[in-house]
Amino acid sequence: MPDSQPQPARSPDGDAAAAAPGDGALLLCGARLADGRVVDVRLSGGRIEAVGTAGSLAPGPRVDLTGYVLLPAPAEPHAHCDTALTADLGGPLAFGAEDVQRRTTEAALLQLGHGATAVRSHVRIGDVQGLRSLEAVLQARRALSGLTELSAVAVPRLLTGTAGADGLAMLRDAVKMGATVVGGCPDLDPDPTGYAEAVLAIAAEHGCAVDLHTDGDDPVRLARLAAMAGGLRPGVAFGPCAGLARLPQDQALRAGHQLAAAGVTVVCLPQGACGVLGGGRGAWCAPVRLLRAAGVRVAAGSGALRDAANPVGRGDPLEAAYLLASHGELGPGQAYEAVSGRARAAMGLPEVRVEAGFPAELLAVRGGGIAGVLSLGYSRLVVHRGRVVARTSAVREYGDVQADAPSPAALDLPRQSPRGGDPER
């Protein structure tokens, strides 16, 4: 099976059988937490039942996590599953129900394999495909139930004037069909204010969250959007807001204070742009450090996953966190929080801590700490609702590159990372 496919519960390295997934208790043994403690964690009924020192909890079905760091699972707050994995296709995209459902399912499983147990996918509605893409994404959501949480954002193109009347009616229908978030891009409508007003009105009427695309390069427009969104706090997200990085610092900081006052979460895209706004606009990401200094809640998403906007997009939350840390926007712990706790909060999901009573949404990554996880976190085990649902095992091997080269054994080189001590040598 591909690594991104759900796997039976077992040792993360696949070398010993363990309990099959189920609703019963499961013990995660010998895991290292972010604070350095080595613990056992018992899961039951989809939640963390107990956390104790290694060897202190009653035996039972178990998974050995020696050499792994155990963390709250990431979430993906900004995906485009309906267009994912299409970069290599020639000609126009196929938007038939089966095509969209297949792409969505494959993209969600790929992201699950990376560790994201919840995905928010922005889905275009209107134009020639009408509501077909949304219907296919919702069908994928039903098929993936129990493996991952997939939610849909309805994204109409126009909402104002005569041309926007159909989009407005379709947005209402999308909410009735099962879209739990309403969004779109005010920047692309002839009347950005009217567009935002329409989205916010429907959200208030149906109790939906709001997730709007905006580049953020127009301070006046952004301030107006923030002021309008303040009435729905805290269920409003803006992204990717990369245009803020092109503004003078005083203007960007002022915009940050306005977003913070409105309770808006900014979802940045460190791995590249998404197709709604287009790419190549001169800024890699929103100014995360500046926004946090202004008091803005900042989460990080993946954006495009190997589609026309980013043909090499990975959909990997750990890469998004790595980029934030490597560019100096956040420390490693803060960067991981941006793709886990902050991302979950932006999606309206319950908080996760590796403590008793919290949801069992967890990611175990081979590594010696948060920095090591972001740097070389290849081997991963994913827990959703207390069940092991995905596993990726990375094996590193070395061999002779020329006839007279010393053998790996003579050089004492590892075949793969050791189970304990310093993982990822």
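Residues numbered from 1 in each chain as written. Predicted model: local features only at pLDDT ≥ 70, side-chain atom pairs only at ≥ 80, totals over all residues. Heavy atoms only, no water.

S.K.: Could you give an account of the sheet that holds strand E12 (residues 265-268), naming the residues involved and the relevant values?
M.R.: The pairing of strands in a sheet happens through backbone hydrogen bonds and is either parallel or antiparallel. Ordered by their spatial adjacency, eight strands build an open sheet running E6-E7-E8-E9-E10-E11-E12-E13, and the pairing between neighbours is parallel. Only two strands of the sheet have a single partner each, and these edge strands are strand E6 (76-79) and strand E13 (297-300). Neighbouring strand axes in the sheet, compared pairwise and without regard to direction, differ in orientation by 25° on average. Here five bridges tie strand E10 (residues 209-214) to strand E11 (residues 236-240), and the two strands are oriented parallel to one another. Bridge pairing links Thr-214 to Pro-240 in E11. The sheet strands contacting helix H2 (residues 132-143) are strand E7 (118-125) and strand E8 (149-156), and the helix crosses E8 at an angle near 170°. Of the strands in this sheet, E8, strand E9 (181-184) and E10 touch helix H4 (residues 192-206), which is tilted by about 175° from E9. (Pairing = 2+ DSSP bridges. Helix = DSSP H or I, 4+ residues; strand = E, 2+ residues; numbered from the N terminus. Axes fitted to C-alpha atoms, helices over the stretch in contact; angles between N-to-C directions. Contact = heavy atoms within 4.5 Å.)

S.K.: So what's going on with the environment of Ala-108? Residues and values would help.
M.R.: Relative to the assigned elements, Ala-108 resides in helix H1 (residues 97-114). Classification of Ala-108 as buried rests on a relative accessible area of 0%. Residues Ala-108 and Glu-149, spaced 41 residues apart in sequence, show a C-alpha to C-alpha distance of 9.1 Å. Those residues in contact with Ala-108 that lie beyond four places of it in its chain are Leu-144 and Thr-148. (Buried < 20%, exposed > 50% of the residue type's maximum accessible area, 1.4 Å probe, protein only.)

S.K.: Lay out the confidence of the model for the chain with the relevant residues and their values.
M.R.: One rule of thumb: low pLDDT means the predicted coordinates there are not for detailed reading. Of all residues in the chain, 87% attain a pLDDT of 70 or more, and the chain-wide mean is 88. Note that residues 1-22 has pLDDT below 50 and, in this model, 59 contacts with residues that lie over four places away or in other chains. (pLDDT = per-residue confidence, 0-100.)

S.K.: How would you summarise the packing of helix H3 (residues 161-177) against H4 if you had to cite specific residues and measurements?
M.R.: Closest axis-to-axis distance for the H3/H4 pair is 11 Å, and the angle between their directions is 30°. Between H3 and H4, the angle falls in the class roughly parallel. Crossing geometry of H3 relative to H4 is assigned as right-handed. In this structure, H3 contributes Leu-168, Leu-171, Arg-172 and Val-175 to the contact, and H4 contributes Ala-198, Val-199, Ile-202, Glu-205 and His-206. (Parallel < 35°, antiparallel > 145°, perpendicular 65-115°, else oblique. Left-handed = near helix turned anticlockwise from the far one by under 90°.)

S.K.: Would you mind going over helix H5 (residues 219-229) in detail, with residue names and values included?
M.R.: Turning to H5, its buried residues number three or more, namely Leu-222, Leu-225, Ala-226 and Ala-229. Each buried residue of H5 sits inside an arc of 100° when the element is viewed along its axis, so together they form one side. Exposed and facing more than 90 degrees away from the buried side of H5 are Val-220 and Ala-227. Among the structural elements, H4, E10, E11 and helix H6 (249-262) are those in contact with the buried residues of H5. (Arc of directions from axis to C-beta.)

S.K.: Outline the nonpolar core, listing residues and values.
M.R.: Among the nonpolar cores identified, the biggest contains 83 residues, and Leu-134, Val-182, Phe-238, Leu-259, Leu-291 and Leu-324 are the most heavily contacted of them. A per-element tally of this core places H4 first, with seven residues. Filtering out sequence-adjacent residues up to four positions away, Leu-324 remains in contact with Cys-268, Pro-270, Trp-284, Cys-285, Val-288, Ala-300, Glu-329, Leu-330, Ala-335 and Ala-338. Formed by 20 residues, the second largest nonpolar core is a distinct cluster that contains Leu-26, Leu-28, Leu-362 and Leu-381. (Core = buried A, V, L, I, M, F, W, Y, C linked by side-chain atoms within 4.5 Å.)

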